[in-house]
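# Analysis of the macromolecular model
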Amino acid sequence: MFRFLSNSLDESLAFLFSPSCPICELFTGSVGLCSRCSVFSEVGEEICCFCSRPQISCTLGNQECKKRWGNLVESVRSPWWLNEEAKRLLFLIKFQKRFEWMSVFRERLLNIALPDELRGGVLVPVPVHPKRLLGRGFNQTEILAHYLSLSWNIEVEYRLKKVKETRAQSQMTRAERSRNLIDSFEWDDCKTPPPKVILVDDVFTTGETVRRCASVLKERGAKLVFVWALFRTIPHNEGLEMASSFRGLTQKKSN
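Summary of the structure given here. It should be emphasised that the depicted structure is a prediction, and the values quoted were computed from it without experimental measurement. (Residues numbered from 1 in each chain as written. Predicted model: local features only at pLDDT ≥ 70, side-chain atom pairs only at ≥ 80, totals over all residues. Heavy atoms only, no water.)

## Some remarks on the pairing of strand E3 (residues 122-125)
The side-chain alternation of E3 yields two buried faces, one formed by Val122 and Val124 and the other by Leu123 and Pro125. As judged from the four bridges shared by E3 and strand E6 (residues 196-204), these two strands associate in the parallel manner. Pairing of Leu123 across the sheet is with Ile198, part of E6. (Buried < 20%, exposed > 50% of the residue type's maximum accessible area, 1.4 Å probe, protein only. Helix = DSSP H or I, 4+ residues; strand = E, 2+ residues; numbered from the N terminus. Pairing = 2+ DSSP bridges.)

Okay, here's the thing in structure tokens:
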């Protein structure tokens, strides 16, 4: 399965790039984001790890949030919020198949600290359906897991599979996402999953995707499932913020 390109091919692709920021198209003279677009908003430790609201204003409280998740996931962690710059970058990568811009995250993740609660875990990227993998050419969560594996010196396991083709989640409500993902994932080996799993995703929105993945992992024998997502959306938008942004970008592109 295609996971990531070699360093030499990365360098060849970089040589062919126009030296401008992929987000705002400002001329930079070098490959990469401009100084303004390269600033991602950091997620602080003061938020509830489940609902993203500040601990002081989380109406359910951390324990109630965990209870609502049905004990499928121990915690959800993300280093950055999904700001406008991050949305545009992910749009290029996922919907315009611009694999080369995954390199933006490489240096950042090679320098990111391993949270104490994730020590001893095994990275499991959220899979995509083989048809989508063929069309896009890569699974961005596998690449993120590879970067984290290099940074944290821990193993990556690829046996979680997506076995049902589904519509893209980005333009769905929470209820639609839940229905869309029924029976979508399987653990494809007779071997049980690692006892401590770190599910890796690119964006945590409503949590329906990782919930389904965690359910399969727990059913097959995983004891603890943690979620690590590169970005997370602001909770009061119920996951529609990213969808509306992607719709706007698509319409702009087609005009």
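Moving on, there is more to tell.
## Quick look at helix H6 (residues 140-152)
The end-to-end C-alpha distance of H6 is 18 Å, a good match for the 18 Å that 13 residues give at a rise of 1.5 Å each. Within H6, burial applies to Gln140, Thr141, Glu142, Ile143, Leu144, Ala145, His146, Tyr147, Leu148, Ser149 and Trp152. Looking at the buried positions of H6, the neighbouring elements they touch are helix H3 (84-95), helix H4 (103-110), E3, helix H5 (130-136), E6 and strand E7 (224-232). (Expected span 1.5 Å × (residues − 1). Contact = heavy atoms within 4.5 Å.)

## A few points about unusual backbone geometry
Backbone geometry follows two general trends: most residues other than glycine have a negative phi, and most peptide bonds adopt the trans configuration. Phi angles above zero are rare outside glycine, and Lys97 is one such case at about 60 degrees. Its location among the elements puts Lys97 in the loop between H3 and H4. Its identity is not glycine, yet Asn153 carries a phi of approximately 55 degrees, on the positive side. Here Asn153 lies in the loop between H6 and strand E4 (160-162).

## Let's talk about the side chain of Lys196
Position of Lys196 relative to the elements: it lies in strand E6. Side-chain polar atoms of Lys196 contact the backbone oxygen of Arg119, separated by 2.7 Å. Apart from the residues within four sequence positions on either side, Lys196 is in contact with Glu117, Leu118, Arg119, Gly120, Gly121, Val122, Leu224 and Phe226. (Polar contact = N/O pair within 3.5 Å; in protein donor to acceptor, adjacent residues only side chain to side chain.)

## Let's talk about the packing of aromatic side chains
This model, assessed by the stated rule, comprises 10 aromatic pairs. What links up through ring pairs into an aromatic cluster is the set Phe40, Trp80, Phe105 and Phe231. Note that Arg108 overlies the ring of Trp80, its terminal NZ or CZ placed 5.9 Å from the centroid. The ring of Trp69 has Arg211 sitting right over it, with the charged end atom 4.6 Å from the ring centre. (Phe/Tyr/Trp six-rings, centres within 6.5 Å; stacked < 30°, edge-to-face > 60°. Lys NZ or Arg CZ within 6 Å of the ring centre and 35° of its normal.)

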